[in-house]
Structures are given as C-alpha cells and as structure tokens.
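The primary structure of each chain is shown beneath.
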Amino acid sequence: MVRRLLLALFVTPFALAIGLTLVDRYRREGKNSSPFPRSVPTEVEVEDGSVTVYTYGQDLYDAMLAAIDGAQHQILFETYIWKGDEVGESFKRALAAAADRGVKVYCVYDAFANLVVSPRFKRFPSNVNVLRFPIYNAGFRFWDFRHYGRDHRKIMVVDDTVAFLGGYNIGAPYATEWRDTHVAITGPAVWDVMRAFADFWNLHRRHRLRPSEQPLLLEAKAPWQAHIRLSRNVPRLMMFPIRSMYLDAINRAGERIWMTHAYFIPDQDFVDALLLAADRGVDIRILLPHRSNHIVADWISRGYYGQLLAAGVRIFRYQGAMVHAKTSTIDGNWTTVGTANIDRLSLTGNYEINVEIIDESMARAMEEIFRVDLTNCVELTREEWDRREWHRKFTEAVLAPLGPLL
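These numbers come from a predicted model, not from an experiment.

About the criteria used
- Residues numbered from 1 in each chain as written.
- Predicted model: local features only at pLDDT ≥ 70, side-chain atom pairs only at ≥ 80, totals over all residues.
- Heavy atoms only, no water.
- Helix = DSSP H or I, 4+ residues; strand = E, 2+ residues; numbered from the N terminus.
- Buried < 20%, exposed > 50% of the residue type's maximum accessible area, 1.4 Å probe, protein only.
- Salt bridge = Lys/Arg side-chain N within 4 Å of Asp/Glu carboxyl O.
- 1 Å grid on protein atoms, 1.4 Å probe; cavity = no way out; pocket = protein on both sides within 12 Å on 5 of 7 lines; lining within 4 Å.
- Points joined across faces, edges and corners; volume = space filled by probe spheres on them.
- Nonpolar A, V, L, I, M, F, W, Y, C, P; charged D, E, K, R; others polar.
- Patch = residues over 30% accessible without salt bridge, like charges linked within 9 Å, V, L, I, M, F, W, Y side chains within 5 Å.
- Areas by Shrake-Rupley, 256 points an atom, 1.4 Å probe, with all protein chains shown as cover.
- Core = buried A, V, L, I, M, F, W, Y, C linked by side-chain atoms within 4.5 Å.
- Contact = heavy atoms within 4.5 Å.
- Pairing = 2+ DSSP bridges.
- Axes fitted to C-alpha atoms, helices over the stretch in contact; angles between N-to-C directions.
- Polar contact = N/O pair within 3.5 Å; in protein donor to acceptor, adjacent residues only side chain to side chain.
- Phe/Tyr/Trp six-rings, centres within 6.5 Å; stacked < 30°, edge-to-face > 60°.

Peer 1: Explain the overall build of the chain residue by residue, including any values.
Peer 2: Each helix and strand in the chain was counted, giving 13 helices and 17 strands. Counting over 406 residues, the chain shows a buried share of 56%.

Here it is in structure tokens:
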C-alpha cells in the first residue's frame, strides 16, 4: 500500500501535466493570436554606440536580413528554434548567399528544439559552417549535469558592426503573432557578443579535423564597458551569473521594478527578494502571458501568485497573444534584455545570454514599451485570486512538485 501510494504521488503530477498539455494543444488547433499593440523600433544612444529595441518580429527580421545582405567579412548566427517555414528559409537563403560571396558564415542551432524540423532543411551548403548542438551531450557521464543544458540563446553578429540578441526565435509565427523583445547593439559592445559566440563554438565543436568546426578565432579583444555588459550562463563551466544579476538589481531597487516574462517559475529566494523589495515600498509590476504556449508552466507559475499579491506586487496578464519577452527595468536606470526566463531551466540549467544596460534613456524607452504592453493586459487582483475555484487550487497543488524541474 505504501509503495502504491508513493507511486501515485510520483506519477500523478506527470500524468496531469501530460493531460493538460494534450487538451491545450487540441484547443489551440486552428486558432491564431489576436492583434496586439505595437511599438516602433526605438534607437537609444548608449556609451559609444547604440541600442535599438525591437518588439515586433517582422521589424526585427527585416533588420537582420538587411544586415546579412550587407555583410562583408563574417556572420555569427545562433538560434534555439529555427523553423523550416518561409521565414526560416529566407534566413537560410540569405546566409548561403553571403557565404557564396565570400563571407565567413557560422551557424549554431539546438537539435532538440528542432526535432520536428525537416532533415532536408537542416542540410546546408559546404561553405556554411554549422554546429548542431546535440540532443544528448553527456556521453557516458550520465551523472554530470553540466552536459544537460540546452542552447537557448538567440544571437546574430554581422562583421564587427552590429549584434542582435533577445527572445526571438526564427519562424513565421514569431514574425507577426508573438510579442517578444530583441535588441540590436552597435559600438564596442558588439565584441562582447562576438566573444560569447566564439566561446560557445570553441567549447562545443567536436570534430577538430572537420573544416566546418574549426576553432573560431577573434582578431581583437573585447573592451571593457561601463554601461553595457553581457551575462552568460554556461552550464559546462558551472557559470550562472544571470540569476545573480537579477537578484543584485532587485536588492538595489528603491522605486520600481517592471518585469516582462514568458515563463515565471522563480525559486523561493527569488520570490523573497521581490517580497523584501515590496516591503521597502518598491512598485513591482510583473507582466506575464494570460495563456502561454506551455500550459504546465502557467499552472506552476500560479503557485507563487498568492505570496506576491499579498505583498502588494501587481500582476498583469497579456491578452490574446503570446508574450515571449524576457526583460526587466528598474528605477529608471537599469535594464536587461535577453534569452533567460525566470525559471530553473534558464537560471541554472540552459545556455543563456542577457545584456545588462545601465542608462536612463534606455530605461525610459523600456518603460514606455511596458506601458504600451499594459494597454493589452488585465490586472489580476488579490480578491479575484482568492475567489478562484477549488479545482484550480487542486491543480496548482498537484503540479507544484514539478516546479524544480522547470
């Protein structure tokens, strides 16, 4: 009886998660996202360069493809999802054309995230250097969790002139149906993004005699920046600075913390940092999708709503479309944009990259984007949360043990 009880306790959360996922997938079939308010690309001068913020996929893709078409020396391209649809094909053609005219092209994509993509799409011309980050990377070292992280980064660097990074994957749905955030960086900070790509390439290339996976050597070192810096999670080296970056910024906050995240499953220490900030009178607003593309993550995320709402944290739920952004701005001075969600997989599991910008103009631009997004949100009140039905509370309780896995 004890064994059966323990087995039931172990199996039930997984069974419920699978059931919810299947039902949600059925309900979504044939349904498109609703139109959502758009912000035009915003360029801000920061230090000796600029940062342009993109919040609409088609605007971003147009800028990225134009940069590829103008490349003269080198293109570094890395993505988590690279769909084999018309948008994915347009990027593949542009990269191949650049390689044909003598540009050195390096591409990285995550094999697990692209399992459903046609193998035909994954065949590249021989003059395009491609690193396929493997589905399983631990070999016989099953116990070594340093080798289990996915490559969740989205980076593109053209020559040494512009670098793109943020939440956007490559695919047609993201061009018009998802609300996400990406930045284009110019100036000395571009070298930091180049170094981030080169370090990943050199760490994971396997066939040292294969031309497509030879070491990627940079011709100059990245300068130190006072107002722009990158934080990179590297599971292989047990480096997870993005979580520390967030906690340090939250602990410094004295006025406001405005966060937009696709998936919000923080650990208790992260929640406690927010609660302490709320106790100091900080205006904390968290913008999340009302319904994300991962329903299980939504349910587990709700397990933290009670604590946050009771402390005065305001939660806004984005309507009609998937918000996939991973951004925060604090006190009108500090901003981060990147690939990391607030969950275990991003903060202590996957390869991630965030740019941290300390600049008032940048913070103002991000706050204005946040205000635009609020026009498409409904605020979740404490009274509404306390009145939710018993079956919702039951589902949250059953799925809670899965939180540390996500």
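Peer 1: Can you break down the pattern of salt bridges residue by residue, with the values?
Peer 2: Evaluated as defined, the whole model comprises 18 salt bridges. Between Arg153 and Asp151 there is a salt bridge; the shortest N-O distance is 3.9 Å. A relative accessible area of 2% means that Arg153 is categorised as buried. Under the relative-accessibility criterion, Asp151 is labelled buried at 0%. For the salt bridge of Glu367 with Arg371, the shortest nitrogen-to-oxygen distance reads 4.0 Å. On the criterion of helical spacing, the pair formed by Glu367 and Arg371 is a turn pair, its members being four residues apart in helix 11 (residues 360-374).

Peer 1: Please provide a residue-by-residue account of empty space enclosed by the protein, values included.
Peer 2: Using the criterion set out here, one finds four cavities of 30 Å³ or more in the structure. The space that makes up the largest cavity amounts to roughly 90 Å³. For the largest cavity, the full set of lining residues is Ala262, Tyr263, Phe264, Leu288, Pro289, His290, Ala297, Asp298, Ser301, Arg302, Tyr305 and Arg317. Mapped by element, the contributors of at least two residues to the lining of the largest cavity are strand 11 (283-289) and helix 8 (295-301). Per element, the largest residue contribution to the lining of the largest cavity is three residues, and it comes from helix 8. A class-by-class count of the residues in the lining of the largest cavity yields seven nonpolar, two polar and three charged. Of the volumes computed, that of the second largest cavity is approximately 60 Å³. If you trace the second largest cavity, you find it lined by Arg179, Thr181, Trp258, Thr260, Thr327, Ser328, Thr329, Met366, Ile369, Phe370 and Asp373. Of all the secondary structure elements, the ones that give two or more residues to the lining of the second largest cavity are strand 8 (178-186), strand 10 (256-261), strand 14 (326-330) and helix 11. It is helix 11 that contributes the most residues to the lining of the second largest cavity, four residues altogether. When the residues that make up the lining of the second largest cavity are grouped by side-chain class, the tally is four nonpolar, five polar and two charged.

Peer 1: Explain a nonpolar patch on the surface residue by residue, including any values.
Peer 2: On the surface, Phe112, Leu115, Val116, Ile135, Tyr136, Phe140, Phe142, Trp143, Phe145 and Tyr148 cluster together into a nonpolar patch covering about 1200 Å² of accessible area. Judged by its relative accessible area of 34%, Tyr148 is partly exposed.

Peer 1: Any chance you could break down the nonpolar core for me, citing the residues and the numbers?
Peer 2: Formed by 86 residues in total, the largest nonpolar core has its most connected members in Tyr61, Ile75, Phe77, Trp82, Phe91, Phe164 and Leu308. With residues up to four places along the chain from it excluded, the contact list for Phe77 reads Met64, Trp82, Phe91, Leu95, Tyr106, Cys107, Val108, Ile155, Met156, Ile170 and Phe197. Core analysis: the next-biggest nonpolar cluster, separate from the first, contains 38 residues, Val44, Leu165, Trp191 and Phe200 among them.

Peer 1: Describe the sheet that holds strand 11, listing the residues and the values that go with them.
Peer 2: Within the open sheet, the eight strands sit side by side as 9-16-15-14-10-11-12-17. Their pairing is mixed. Of all strands in the sheet, those with a lone pairing partner are strand 9 (228-233) and strand 17 (377-380), marking the two edges. Across the sheet, the mean angle separating the axes of adjacent strands is 15° when strand polarity is ignored. As defined by bridge partners, strand 10 adjoins strand 14 across five bridges and the pair is classed as antiparallel. By the bridge assignment, Trp258 is partnered in strand 14 with Thr329. Along the sheet, helix 5 (residues 190-204) contacts strand 9 and strand 16 (352-358); its crossing angle with strand 9, the most-contacted strand, is approximately 15°.

Peer 1: An account of the side chain of Ser346 is needed here, citing residue identities and associated values.
Peer 2: For Ser346, the location among the structural elements is in helix 10 (residues 344-348). Engagement of the side chain of Ser346 in a polar contact is seen with the side chain of Glu352, the distance being 2.9 Å. Ignoring anything within four residues of it in the chain, the contact list for Ser346 reads His152, Asn233, Thr339, Ala340, Asn341 and Glu352.

Peer 1: Please set out the packing of aromatic side chains residue by residue, giving values where relevant.
Peer 2: Counted under the stated rule, the structure contains 19 aromatic pairs. Relative to Phe124, the ring of Trp82 lies with its centre 5.5 Å away and its plane at 50°, an arrangement referred to as tilted. Here Trp82, found in the loop between strand 3 (74-79) and helix 3 (86-100), pairs with Phe124, found in the loop between strand 4 (104-110) and strand 5 (128-133); they are 42 residues apart in sequence, far enough to count as distant. Taking relative accessible area as the criterion, Trp82 reaches 2% and is therefore assigned buried. Between Phe133 and Tyr351 the ring centres are 5.7 Å apart and the planes differ by 75°, which places this aromatic pair in the edge-to-face class.

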